[in-house]
Amino acid sequence: MRVRKRGQSNGHGNGSTKPLHKKDDPKTDPYRWRLRNDRGVQTWHYLTTDEEVKQWPITVADKHYLGLGTGLPDFPAARTPMQAAENGLKFFSKLQLEPGNWACEYGGPMFLLPGIIVTLYVTGMPLSQPEQTEIIRYIFNMQNLGNKNGGDGGWGLHIEADSAVFGTAMNYTTLRLLGVSPDDPRMRKARGCLFDLGGALNGPHWAKFWLSLLGVMNWEVVNPVPPELWLLPDWVPISPWRWWIHMRQVFLPMGFIWSKRWVYAKADTDPLIRQLRQELFTQPHDDIAWARYRNAISPADDYNPKSWLLNLVNYLLVLVWIPYLRLDWLVERAERWSWKLIQMEDANSDFADLAPVNSPMNMLACYIEEGPGAYSVRRHRERIHDFLWLGKDGMMCCGTNGVQNWDTAFAVQAMYETGFATRPEYHQTLLKAVEFLEDQQFLEHPVGYEQSPVFSDPPTAKTSPQYGYRHVRKGAWGFSNKVQGYSVSDCTAEALKATMMVQTLTHPNDPSKTLFPIVIPEQRLKWAADILLTMQNKSGACSSYEPTRGSERLELLNAAEVFGRIMVEYDYPECTTACVTTLHRFNQLYPNYRATEIRRFIDTAVQWIRANQRADGSWYGSWGICFTYAGMFALESLATQGETHANSERVRRACTFFLDRQNADGGWGESYRSCETGKWCPHPDGSQVVQTAWVVIALVRAQSPDREPIARAVGLLMRRQRPNGEWLQEGIEGVFNKSCMISYPNYKFIFPIQALGMYAKQYGDAEID
Ligand code: LAN
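Residues numbered from 1 in each chain as written. Predicted model: local features only at pLDDT ≥ 70, side-chain atom pairs only at ≥ 80, totals over all residues. Heavy atoms only, no water.

### Remarks on the overall build of the protein chain
Next, step 1: A count of helical and extended segments in the protein chain gives 26 helices and six strands.
Next, step 2: Compactness check: the protein chain gives a C-alpha radius of gyration of 25 Å against a globular reference of 27 Å for 769 residues, within 12% of the reference.
Next, step 3: Within the protein chain, counting contacts between residues at least 6 apart in sequence, those at least 24 apart form 73% of the total.
Next, step 4: Both charge centroids of the protein chain, one from 80 positive and one from 82 negative side chains, sit 2 Å from each other. (Helix = DSSP H or I, 4+ residues; strand = E, 2+ residues; numbered from the N terminus. Rg over C-alpha atoms; globule rule 2.2 N^0.38 Å. Contact = heavy atoms within 4.5 Å. Lys, Arg positive; Asp, Glu negative; His and termini not counted. Charge placed at Lys NZ, Arg CZ, Asp CG, Glu CD.)

This is how it looks when you write it as structure tokens:
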């Protein structure tokens, strides 16, 4: 059988990002959709009657998200960077939502909707018809057809990726579960692609898990997910509490469901499942010797091949542990404790859960344990809506239940850095943004922390099973909203930084007066700083949700072939910078509060940033693409220490790294292949607005003495701006786990505005053509 290699499938990797629009697909009326934002809980609603449409008028933001004309006015062409920044801000401020935050479609990953749709199918709790119609439209729009990634008819791991089995088998299945006919020409094409890749048996572990519980595959094909690992004592180096939070929180319900070998009750009688059994495999379903395909995987999916150790462990589990040693009492205890931990996760997030992978899995666990009528199942079912987002291409699943805190904190910072924050016309925008952050700050620790033996005030990074191994959160912010409830190091830092910026602004005419009321009192700012102080690793750096709890060697047990570096928390220049720069500012504001600890934190963190720089002057970014993103952060850290081009060889090297890669049109463009390969890869579409803005910010912070290249970059940002002040969507901006890309559509507003303003402040606001 011919099986394609990853990244070599058709030579169009990271190719055109433009989806193919099929005019004849059913579609709902876009003018009837509305975004509801209830204190940061965002859900889309389809209005069915004209009366409802009258009662609930469509907003500018709705129209923007839906790709309908916003009707916002054009401005006279900007001649200077500040005029361009202001036009951008005028447009962007119109997208601010009622509670004060910004929102966006946060799509990219193509494996999230399938988990949701499979779960809703097996539990018999389907979405509404308009939602289903829009999901079908979205999945077809993301299919690799026409000039998109070679047009082989499959789907990749994310919207810009080459086709692979995971994306293709799961999205094909999703479309079928939503009622699409197997005879649709695009479905035929998708099956052709799937067969070309070896069929669904060549899917990664997660595909095999979903298709087994759906009854299309057999559990024997799934590598073990033993929940008994949760019974290991905490000191054991591989105990799951040490894993990166996303891995352990997915492993948790997955292990529970695997342990029960739960299968959709009607699988054998449901005609659709019986058809899928015929459609997804290259050989007859009845002939498949499932256990032989546990490790089968298409090279297109195998970003991170399983280690020899994991293969050995799986072999022993399957041949020895499961048949002979996995006694009933042990299974019972493992399932009980897993169920408790699932309940703790649900309780701490009002059933929102960490992300849309574990959320449907937890819903299914509740369904299995408590039955279809249980409150837990109903609440999960409601919460699913928080992940769904309607864009111009249809309805997708976001990577989280939104980007509320993160984008809002950056929007505030952009207004501050550009000086617009002191202008009366933006007062309300800023005030509302900070009021939103105020509303979303966690004011309580996870349930059970205060009664646990590791409780302390101020808190530490210690954790314990009594409260599900959570990290402390009083004073922290999460990435999305308060309901979700997980502290993130840099989200806390950026929100705290934004708040301090606004609350310390003085009146331009009377510096003895502050411009804004104190929205978040001092005590709560100190709680946030306390959280940041719990986030540092021994290396001096910071990770994402918690300091690193386990060894990097745990990567040997990484069973999800499609992702890299997922098993534990790592050191990240982005998160480290956010914490360092915020603590630096905090220390200037409250010089007596935990000053020695903060000083030590800053020194060791900056030292880590220095040491993490590569010989070529770059830093590798893990959450944005890629070297352009991380470089911007690292140079912000160094700037707080007074390290600039003039006095630092390191900073000069970083500037050279960027200047050597500037395109002839003045911009920068970096492909997501940089994240996958760890080497700079130019973007196939050339300069990108967002990355150009990141580099401008980096060079301004570095006080790069040569104005000319930066001015050319600013020229590109200005040329790409539309007359109404907006910038159009270009390539995908974000990444996680090295291989999966994710969209940050507001970056195209926030960072160009900030870059233009910072440039003008540093080098003057002369006209640019
Ligand atoms: C995010 C989104 C935000 C991101 C930043 C704040 C930008 C980063 O600096 C720290 C890490 C964090 C919070 C982050 C972690 C991983 C997330 C949650 C995501 C990239 C969004 C989606 C992703 C999540 C893991 C998707 C579900 C997939 C699994 C493999 C479980």
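### Details of the pattern of salt bridges
Next, step 1: Going through the model one piece at a time under the given rule, you end up with 44 salt bridges.
Next, step 2: Residues R137 and E134 are paired through a salt bridge, measuring 2.9 Å at the closest nitrogen-oxygen approach. Highlighted residues: R137 and E134, both in helix α5 (residues 129-141), separated by three residues, approximately one helical turn.
Next, step 3: Since its relative accessible area comes to 8%, R137 is described here as buried. (Salt bridge = Lys/Arg side-chain N within 4 Å of Asp/Glu carboxyl O. Buried < 20%, exposed > 50% of the residue type's maximum accessible area, 1.4 Å probe, protein only.)

### Considering helix α3 (residues 81-93)
Next, step 1: Taking 1.5 Å per residue as the helical rise, α3 with its 13 residues ought to reach 18 Å, and the 18 Å between its terminal C-alpha atoms agrees with that figure.
Next, step 2: Across the 13 residues that make up α3, a large majority, eleven, are buried.
Next, step 3: For α3, every residue scored as buried is listed here: P81, M82, A84, A85, E86, N87, G88, L89, F91, F92 and S93. (Expected span 1.5 Å × (residues − 1).)

### What about the environment of I531?
Next, step 1: Secondary-structure assignment places I531 in helix α18 (residues 522-533).
Next, step 2: Accessibility expressed as a relative area gives 0% for I531, which makes it buried.
Next, step 3: Distance from I531 to C579, taken between C-alpha atoms, is 10.0 Å for residues 48 residues apart in sequence.
Next, step 4: When near neighbours in sequence (up to four residues on either side) are disregarded, I531 contacts V472, R473, K474, G475, A476 and T492.

### Quick look at the packing of aromatic side chains
Any two aromatic rings considered together are summarised by their centre-to-centre distance and by the angle between their planes.
Next, step 1: Across all of its chains, the model carries 47 aromatic pairs by this definition.
Next, step 2: Ring plane angle 75° and centroid distance 4.9 Å describe the contact between Y65 and W389, whose orientation is recorded as edge-to-face. Here W389 lies in strand β3 (residues 388-391) and Y65 lies in helix α2 (residues 60-66), a separation of 324 residues in the sequence. Assigned by exposure class, Y65 and W389 land together as buried.
Next, step 3: Aromatic pair F563 and F736: ring centres 6.2 Å apart, planes at 40°, arrangement tilted. You can see F563 sitting in the loop between α18 and α19 (573-589) and its partner F736 sitting in strand β5 (residues 734-736), a full 173 residues away along the chain. The same class applies to F563 as to F736, namely buried.
Next, step 4: One aromatic cluster is present, formed by Y106, W406, F410, F479, Y629, F633, W694, Y744, Y747 and F751 through successive ring pairs.
Next, step 5: Cation over ring: R186 sits above F140, and NZ or CZ is 3.7 Å from the ring centre. (Phe/Tyr/Trp six-rings, centres within 6.5 Å; stacked < 30°, edge-to-face > 60°. Lys NZ or Arg CZ within 6 Å of the ring centre and 35° of its normal.)

### Quick look at a nonpolar patch on the surface
Next, step 1: A contiguous nonpolar patch, built from W308, L312, Y315, L316, L319, V320, Y324, L325 and L556 and spanning about 940 Å² of accessible area, is present on the exposed surface.
Next, step 2: Note that L325 resides in helix α11 (residues 308-325).
Next, step 3: Given the relative accessible area of 46%, L325 is considered partly exposed. (Patch = residues over 30% accessible without salt bridge, like charges linked within 9 Å, V, L, I, M, F, W, Y side chains within 5 Å. Areas by Shrake-Rupley, 256 points an atom, 1.4 Å probe, with all protein chains shown as cover.)

### A closer look at the site of the ligand
Next, step 1: Around the ligand, 24 residues are found, and the nearest of them are Y106, H246, F479, D490 and Y545.
Next, step 2: Take D490: an N or O atom from its side chain is 2.3 Å from an oxygen atom of the ligand.
Next, step 3: If the ligand stood free it would expose 630 Å²; the protein chains cover 100% of that surface.
Next, step 4: Its residues assigned to classes, the shell around the ligand shows 18 nonpolar, five polar and one charged. (Near = heavy atom within 4 Å. Polar contact = N/O pair within 3.5 Å; in protein donor to acceptor, adjacent residues only side chain to side chain. Nonpolar A, V, L, I, M, F, W, Y, C, P; charged D, E, K, R; others polar.)

### So, the nonpolar core
The nonpolar side chains of soluble globular proteins are, as a tendency, buried together.
Next, step 1: The biggest cluster of nonpolar side chains holds 253 residues, and the ones touching the most others in it are F111, W206, L213 and F563.
Next, step 2: If one sorts the elements of this core by residue count, helix α26 (residues 747-763) sits on top with eleven residues.
Next, step 3: Apart from the residues within four sequence positions on either side, L213 is in contact with V118, V122, W219, I257, W262, V263, Y264 and L364. (Core = buried A, V, L, I, M, F, W, Y, C linked by side-chain atoms within 4.5 Å.)

### So, the UniProt feature "domain: Squalene cyclase C-terminal" (unreviewed entry) in the protein chain
Next, step 1: Here, UniProt's "domain: Squalene cyclase C-terminal" (unreviewed entry) annotation points to residues 406-760.
Next, step 2: Summarising residues 406-760: 45% helix, 2% strand, and an end-to-end C-alpha distance of 25 Å. (UniProt positions renumbered as here; feature names shortened; annotations may be inferred.)

### A short note on the packing of helix α21 (residues 627-640) against helix α24 (residues 689-701)
Next, step 1: The contact between α21 and α24 brings their axes to 8 Å, and the two run at 20°. Comparing their axes, α24 and α21 come out roughly parallel. By crossing handedness, the relation of α21 to α24 is classed as left-handed. Mapping the contact onto sequence places T628, Y629, G631, M632, L635, E636 and A639 in α21 and Q691, W694, V695, I697, A698 and R701 in α24.
Next, step 2: The class makeup of the residues in the contact of α21 with α24 is eight nonpolar, three polar and two charged. (Axes fitted to C-alpha atoms, helices over the stretch in contact; angles between N-to-C directions. Parallel < 35°, antiparallel > 145°, perpendicular 65-115°, else oblique. Left-handed = near helix turned anticlockwise from the far one by under 90°.)

### A few points about the packing of helix α6 (residues 165-177) against helix α10 (residues 271-279)
Next, step 1: Closest axis-to-axis distance for the α6/α10 pair is 11 Å, and the angle between their directions is 150°. If you check the angle between α6 and α10, you find them roughly antiparallel. Taken as a pair, α6 and α10 cross one another with a handedness that is right-handed. Where α6 abuts α10, its residues Y172, T173, R176 and L177 lie against L272, I273, Q275, L276 and E279.
Next, step 2: Its residues assigned to classes, the contact of α6 with α10 comprises five nonpolar, two polar and two charged.

### Overview of the UniProt feature "domain: Squalene cyclase N-terminal" (unreviewed entry) in the protein chain
Next, step 1: Look at the UniProt record and you will see "domain: Squalene cyclase N-terminal" (unreviewed entry) annotated at residues 92-294.
Next, step 2: Measuring from the first to the last C-alpha atom of residues 92-294 gives 49 Å, for a span that is 42% helix and 0% strand.

### Section: the pairing of strand β4 (residues 394-397)
Next, step 1: Summarising the sheet, β3 and β4 pair through four bridges and their orientation is antiparallel. By the bridge assignment, G391 is partnered in β4 with G394.
Next, step 2: Hairpin remark: β3 followed by β4, antiparallel, with two residues in the connecting loop. (Pairing = 2+ DSSP bridges.)

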